[in-house]
Structure formats: structure tokens, C-alpha cells
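Chain by chain, the residues run as shown.
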Amino acid sequence: HVFQGCSSLKSITIPPEMTELPERLLNGCSSLQEIRIPDGVTAIGAYALGGCSSLTEITIPERCQSVGDYAFFGCDSLAEITVSGTETEFGTRSMGYAYQSGYRLQSGFVMDAQAGTAVSYAEENGIPLKGAVLRGDVDQNGAVNVNDAVLLQRYLLAQKKLAFFELGTARACI
């Protein structure tokens, strides 16, 4: 609970000798925008980064074996989590969820994972995988349709790093 509720904390680098992010370590750090988790971290505790509403992206290291219950719960600006490992176990609503008159998936949230337990977690929880979003089949039902367009629009609206420019009469997004 070292930094719990520290609303002025904007960035933190976890020391390389730390192997675990303890329960509620940064819970409620509403101004936290950036965290660097070292490759040696093997566990992320329950609510460790819950309520970090300014956090926009995070990478879970390959060696991480477990992500606790509600670890990233209520991270409203978190549009994408990259999961590097294939054997990471995920707790209840560990990522992609918020509470708005009940538990629900965050609009526009995607996971970037290639295989293993992260893909299973995404499928079980109805979370789009980044690769599927980029191919157009956002809801991963085998067809590209209007539902995919709506989900893709939500994903793009959640992205804070999009840059728009005009080229003649055409608009492009990079």
C-alpha cells in the first residue's frame, strides 16, 4: 500500500530487483500516466494498479505468471494492455473492466497477445485482441460487419495518440 491514493504521482519506474507488484501498491493513483514494469516481475497483486485512471498503456512482462483480481480495474484511460507471456494466469476482472451501474468492459479496450492464457482470458471475457481489430473482425465472430465497425470506432476513439492531418481533400489518420 506504499503509494496507494497518491494522486500527484505521474510516472514510476519499478526497480529491476522487484519481482512482484504487491496488492494495492499503486491503487488509486489517479494521475499515474506511465509505469515501467521490469522483465523480472513474476506477479501483479490484486488491485495493484486499480483506479489509475490516467494510465493509457501497459506491458506485462513475459515472466509474469499471475495478474491478481481487479489488478487494473477502473483504469478508465487504459485502452490497451500488451501481454508478452503465454502462461500468465489472470484473476477475476483483472483488466478491461470498470464499474458503471454494474461491471462492464471498458469501451475501446483491447489486448495485444499472441497466444496462450492471455488469448483465452480475452475470449472468455469478450475482449477484442489487437490483431483481430487490425484485420477488421473486431468481435472475432468470423465475419466483418457493422458490429465490427462500431467496436473499431470505440477503439479508435479511446486512442489518445492518434494524429490527424489533411492532405488535399482527403483526411488521414496516422
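Higher on the page you've got the structure.
As the structure is a computational prediction, the values presented were derived from the model and not from experiment. (Residues numbered from 1 in each chain as written. Predicted model: local features only at pLDDT ≥ 70, side-chain atom pairs only at ≥ 80, totals over all residues. Heavy atoms only, no water.)

Caption draft 1: Seen up close, the nonpolar core. One finds Leu 26, Ile 44, Leu 49, Phe 72, Met 95 and Met 111 to be the most contacted residues of the largest nonpolar core, which totals 40 residues. Where this core is concerned, the elements lending two or more residues are strand S5 (57–60), strand S7 (80–83) and helix H1 (117–125). Looking at this core element by element, the count peaks at four residues for H1. Beyond its immediate stretch of four places on either side in the chain, Ile 44 contacts Leu 21, Ile 37, Ile 60, Cys 64, Ser 66, Val 67, Gly 68, Ala 71 and Phe 72. (Core = buried A, V, L, I, M, F, W, Y, C linked by side-chain atoms within 4.5 Å. Buried < 20%, exposed > 50% of the residue type's maximum accessible area, 1.4 Å probe, protein only. Helix = DSSP H or I, 4+ residues; strand = E, 2+ residues; numbered from the N terminus. Contact = heavy atoms within 4.5 Å.)

Caption draft 2: Broad picture of unusual backbone geometry. One non-glycine residue, Arg 24, lies in the positive phi region at around 60°. Tracing the backbone shows Arg 24 in the loop between strand S2 (20–21) and strand S3 (34–36). The phi dihedral of Tyr 70 falls on the positive side, at around 55°, and the residue is not glycine. Inspection of the secondary structure assignment puts Tyr 70 in the loop between strand S6 (66–67) and S7. On the basis of relative accessibility, which here comes to 13%, the residue Tyr 70 falls in the buried class.

Caption draft 3: View of the packing of aromatic side chains. All chains considered together, the criterion is met by six aromatic pairs. Seen from their ring centres, Phe 73 and Tyr 103 are 5.7 Å apart, and the 65° between their planes marks the pair as edge-to-face. Here Phe 73, found in the loop between S6 and S7, pairs with Tyr 103, found in strand S10 (residues 103–105); they are 30 residues apart in sequence, far enough to count as distant. A relative accessible area of 16% means that Phe 73 is categorised as buried. For Tyr 103, a relative accessible area of 42% gives the class partly exposed. Ring geometry for Phe 90 and Tyr 121: centres 4.9 Å apart, planes at 35°, overall tilted. A residue pair is termed long-range when its members are at least 10 positions apart, and Phe 90 in strand S8 (residues 89–90) and Tyr 121 in helix H1 qualify at 31 residues. On the basis of relative accessible area, Tyr 121 is assigned to the buried category, the value being 5%. (Phe/Tyr/Trp six-rings, centres within 6.5 Å; stacked < 30°, edge-to-face > 60°.)

Function-wise, these values are silent; they only describe arrangement.
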